[in-house]
Amino acid sequence: MIGLISATAAGTVARDRLAAAWPGRTVVYEGPVREAVQRAFAECEQLVCFLATGAVVRLLAPLLSDKSSDPGVVCVDEAGRHAVALLGGHGGGANALAGAVGEVLGAAPVVTTATDAAGVPGLDMLGLAVEGDVAGVSRAMLDGARVELRADAVWPLPALPPNVSLGAEGVAVLHVSDRVVELGAQAVVLRPASLAVGVGASRGAPAGEVVGLIRDTLREAGLSPLSIAELVTVDAKADEPGIVAAASQLGVPLRTYAADELARIKVPNPSGAPLAAVGTPSVAEAAALAAGGELLVPKRKSRGWPPLGPERRAAMATCAVVRRSPRGRLAVVGLGPGARDLLTPRAREELRRASVLVGLDQYVDQIRDLLRPGTTILESGLGAEEARARTAVAEARKGHAVALIGSGDAGVYAMASPALAEAGADIDVVGVPGVTAALAAAAILGAPLGHDHVSISLSDLHTPWEVIERRVRAAAEADIVVTFYNPRSRGRDWQLPKALSILSEHREPATPVGVVRNASRPDESSRVTSLAGLDPATVDMMTVVTVGNTATREIAGLMVTPRGYRWQSADTASAREEAE
C-alpha cells in the first residue's frame, strides 16, 4: 500500500489526483503531518509526501532502520513539477514510484541512484538473490574499473557495462553461481534459481527435519540454498505439513507430480517403501529429475528428529538435488510506428533488460539511446528477416537475454512469426505488443476502423498473388474495411491498382480512402480521398492505405465508419428531439 501525505491546499489537490488514479493502492493520511508520516512509515510499503524534501528528511530521520526494510519514499514539490525519489530507490521501489507518480501528475521524476543514472543495472534489482559487497562492486562498475566476471554458465541477465568481463583480473569480482563462494573485499555473488530439490517424507515428518536435511545436503555439496528454485514431491504429499512448511521457510514454491509419472522415471536408488505408500518406487529422486536437470545429489536420508537427544526418532525425510541449465530469454518487441511517445513502457523495459539486441539497422537507430551500456547489438539490413530471427534464437539458446525488435507490433507482418518458427521449448519467449501502422494511421484519419476491418499485405514476395487476390475479393464481398500494408514499391506497381479495382466491383467510386505516409514520424502526411480519386502513383512502401466500407463517410475531413450500419437521418434526429 502507498501512503499519501500532504500539508497544503496545492499538495492536497495533487494528492487526491494520485489517489483517484490509483484506487485500492493508496491510503490518505490526514491530521498533523508528523503523526501522519510516522503512521504511514510503519504501515505502508511506500510513501508519497507532498512536502519539501528537507521537511521529509527531518521527519524520517528518527524512523530509519535498514535499507532492506524501510519503505520507499517519494517527495512531490508544491508546484507539482518534480517527483523526487528520496529514500529506498531500489529496495523500496522509490525510483520506479517516482516515474509512476510523474506519469499521473505530469511531474519530472528525479532519480539520483548512481546505477540508474548511469544506465547500469543495480545488482540488487536483477531478480536474483545477492550476497557480498554490493556497494563496493557497484562503485567499481560505475567508476569504469575492471570487474572480473566469474560465472558457472551464461544466464539471461541485462547487459553489464564493458568494464565487466570474463577471465580478466579486476579490482572487484562479480560471481554468478549456485555454489558456495568465499567472498573477499569488493566481491559479490548473484544466486540464479538453478536448483530443484526433490523431497519425500513420512506422514507427520516435522518441518525442522525436512529443512534441516535440505540445508545439510546443500552445505555438504557446496551449494547455496539461495539458489533453490522450488521443492518438488509426489501429489500424495502436496498437503504434508512438514513439506509445505519447509517450502514456506525456504521461501520457494512447492510443485507436485502424479505418482504414475514419477514411477516411469529411472532413478539410481529405488525403494519398495514409497512404492507401497504412494505408488512410486522413488519420490525425492524421481521428483527432482521430473523437474528437469542434472542430478547433483542422489537421495539422502535425514538423521532423524530431533537431531540430538534420546528422543530422536528414525529418519522420516529424504531429498535429492538437480541443477537446471540456464534458459535463455527471447523478447520479441514491437517498437510502434516510429514516434518515441508511442513506444510502450513494456517495450522500454525489455530493451533495458536485454544483453543482446537483434534488429534491422534503421530500427536499431530509433532506440539505440535506450539500451544499457554494454549491450551487444547485432544489426542487419533489409531483406534479412529470417537470418535475424535465426540469430536471435541462437543467442537466446546460448543463455542470453535477447530482444528482437520490429516496427509496429512485432507479430503483425514483422519478426514474431519467423522467430517463433525457429524457437523451441528450450528457451523462454515473450511477446511485447506495439502500436501497429494500421492503428497509427487510423488515429490520424479519424475512425475508419470503427467496425469490422482487415489488414492485407500486397507484397507477393512471401505470399503468391493468387492468395492475396482471393483475400482481397473476400474482404470486398464481405464489405469489410481494408487496410493495405506494403501497397506499392518500385518493383511492384500493379498490385495496388488491381486491389482497388476488385474493391470497386463492390463499393461506390466515392467510398472514402485514407492515405497516411510515415505515420507518427516528423515527416508524416495524410489525406482522405476516394476510391475513384486515389492515384496509386502517390503511394509507396512507407504508406498505409485504408479503404472504407459502404457505410464509411467523410465528416469534417475525417474518415468515420460507424459501429452500426444505419446513419442517423435528419428526420430521425428531429423525431428524437421532439420525443425528448
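Residues numbered from 1 in each chain as written. Predicted model: local features only at pLDDT ≥ 70, side-chain atom pairs only at ≥ 80, totals over all residues. Heavy atoms only, no water.

## Re the pairing of strand E12 (residues 195-201)
The side chains of a regular strand alternate, first on one face of the sheet and then on the other. Short version of the rule: When accessible area is computed with a 1.4 Å probe and restricted to protein chains, residues below 20% of their type maximum are described as buried, those above 50% as exposed, and intermediate ones as partly exposed. Each helix corresponds to a stretch of at least 4 residues labelled H or I by DSSP, and each strand to a stretch of at least 2 residues labelled E; elements are numbered beginning at the N terminus. When DSSP finds two or more bridges between two strands, those strands count as paired. A crossover gets the label right-handed when its path from the first strand over the helix to the second runs clockwise, viewed with the strands pointing away from the viewer.
Taking burial as the measure, the seven residues of E12 include seven buried ones, the bulk of the element. By the alternation rule, side chains of E12 split into Leu195, Val197, Val199 and Ala201 and Ala196, Gly198 and Gly200, which are all buried. Where E12 lies against strand E13 (residues 228-234), four bridges are found, and the strand directions are parallel. Opposite Val197, over in E13, you have Leu231 as the bridge partner. Remark: the E12/helix H7 (residues 207-221)/E13 crossover connection has right-handed handedness. In this structure, E12 lies alongside strand E16 (residues 317-323), joined through seven bridges in antiparallel fashion. Pairing of Leu195 across the sheet is with Arg323, part of E16.

## A look at the sheet that holds strand E27 (residues 543-547)
Put simply, the rule is: Axis angles are defined between N-to-C directions and span 0 to 180 degrees, where every axis is a line fitted to C-alpha atoms and, for a helix, only to the segment in contact. The contact criterion used throughout is that any non-hydrogen atoms of two residues lie within 4.5 Å.
Strand order in the open sheet formed by five strands is E23-E24-E27-E25-E26, and the pairing between neighbours is mixed. Only two strands of the sheet have a single neighbouring strand rather than two, namely strand E23 (453-457) and strand E26 (525-530). The average undirected angle you get between the axes of adjacent strands in this sheet is 20°. Inspection of the sheet shows strand E24 (residues 481-485) paired to E27 by three bridges, in the antiparallel sense. Of the residues in E27, the one forming a bridge with Phe484 is Val545. Packed onto the sheet, helix H16 (residues 437-445) meets E23, E24, strand E25 (512-517), E26 and E27 and runs at close to 115° relative to E25. Those strands touched by helix H18 (residues 495-504) are E24 and E27, and its axis lies near 175° from that of E24.

## Structural notes on the pattern of salt bridges
Rules: Should a side-chain nitrogen of Lys or Arg be within 4 Å of a carboxyl oxygen of Asp or Glu, the pair is scored as a salt bridge.
Considering all chains together, one arrives at 25 salt bridges under this definition. Measuring nitrogen to oxygen at the nearest pair gives 3.7 Å for the salt bridge that ties Lys237 to Glu240. The partner of Asp365 in a salt bridge is Arg368, and the shortest N-O contact between them spans 2.7 Å. Because the salt bridges share partners, they merge into one network encompassing Asp216, Arg219, Glu220, Arg300 and Arg303.

## Some thoughts on the side chain of Arg388
We count it as follows: Distance and chemistry together define a polar contact, namely a pair of N or O atoms within 3.5 Å, with one atom able to donate a hydrogen and the other to accept it when in protein, and with adjacent residues in sequence counting only for side-chain atoms on both sides.
Along the polypeptide, Arg388 turns up in helix H14 (residues 385-397). The exposure class assigned to Arg388 is buried, which follows from its relative accessible area of 5%. A distance of 2.9 Å separates a polar atom in the side chain of Arg388 from a polar atom in the side chain of Ser380. The contacts of Arg388, once residues within four sequence positions are left out, are Val358, Gly359, Leu360, Ser380, Gly381, Leu404 and Met415.

## A word on the confidence of the model for the protein
As a reminder of what qualifies: A residue's pLDDT is the confidence the predictor assigns to it, expressed on a 0 to 100 scale.
Residues at a pLDDT of 70 or more form 94% of the protein, whose mean pLDDT is 91. Per-element mean pLDDT across the protein ranges from 46 in helix H19 (residues 570-579) up to 97 in strand E17 (residues 329-334). Contacts for the low-pLDDT stretch residues 570-576, under 50 throughout, to residues beyond four places or in other chains number two contacts.

## Quick look at the environment of Val27
Along the chain, Val27 turns up in strand E2 (residues 26-28). Owing to a relative accessible area of 31%, Val27 belongs among the partly exposed residues under this scheme. Measuring from C-alpha to C-alpha, the distance between Val27 and Glu43 comes to 9.9 Å, with 16 residues separating the pair along the chain. Ignoring any residue separated from it by four or fewer positions in sequence, one finds Val27 in contact with Met1, Ile2, Gly3 and Leu4.

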